[in-house]
Amino acid sequence: AAQALDISMAKELTPLKMDRAVFKTDLSRIEAGPQGWDMVQFLVSTNPGTPAGPLAKIASGGELSRFLLALKFCLRNAEDTRTVIFDEIDRGVSGATADAVGRRLSRLAQDAQVLVVTHSPQVAALGDRHFQVVKQQSNDMTLSRVDLLSDTARVDEIARMISGDKITTEARAAARTLIEGR
């Protein structure tokens, strides 16, 4: 099973712009305890020629996010109908890599319900629907609400993600380009 996971991971890392990364599942026996007697460790090498080491110690934040996304893809089966939630899975990536992450999330959403919390305009533009979380402070209380954005509001929100508080004509054009490129 470990070897099959390693092969699947190699295939999943390619579209996430990690085709040179190596993923290996290391299984070893330990003294039997409450958690069993098998120890599973994920070893990775993110640069050619470097030795593999524990995933948590070797991978950067962005790499860790992409390894997690690839693992989610590999460990799901066709009958799995649960909702998959990603909270800032695109952390530490931008540009073409954020686009690649967004496209893999979009692919996963073809077979499952996927909810993604993101600050990346590239990822947000690839969603089927766009919700905005709005926080309001009233007296000593903070209230949050979630709004489904219309097509126009979605362009404005992605433009804001691109340019900040001042939404420019260029940022709106870039937002439309991202959305239309789906």
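One can find the structure itself at the top, above this paragraph.
Residues numbered from 1 in each chain as written. Predicted model: local features only at pLDDT ≥ 70, side-chain atom pairs only at ≥ 80, totals over all residues. Heavy atoms only, no water.

Asker: Let's hear about the sheet that holds strand β1 (residues 22–33): which residues, and what values?
Answerer: If you walk across this open sheet you meet the three strands as β1-β2-β3, and the pairing is antiparallel. The outermost strands of the open sheet, each flanked by one partner alone, are β1 and β3 (53–54). Alignment of strand β2 (residues 36–45) against β3, held across two bridges, turns out to be antiparallel. Note on β3: the bridge partner recorded for Val44 is Gly53. Where helix α1 (residues 2–13) meets the sheet, it contacts β1 and β2, and its direction lies at approximately 150° from that of β1. (Pairing = 2+ DSSP bridges. Helix = DSSP H or I, 4+ residues; strand = E, 2+ residues; numbered from the N terminus. Contact = heavy atoms within 4.5 Å. Axes fitted to C-alpha atoms, helices over the stretch in contact; angles between N-to-C directions.)

Asker: Lay out unusual backbone geometry in plain terms, naming residues and giving numbers.
Answerer: Phi is positive for Glu88, close to 55°, though the residue is something other than glycine. In this structure, Glu88 sits in the loop between β4 (84–87) and α4 (95–108). With a phi close to 55°, Asn139 is a non-glycine residue in the positive phi region. One can find Asn139 in the loop between β6 (131–138) and β7 (141–148). On the basis of relative accessible area, Asn139 is assigned to the exposed category, the value being 72%. (Buried < 20%, exposed > 50% of the residue type's maximum accessible area, 1.4 Å probe, protein only.)

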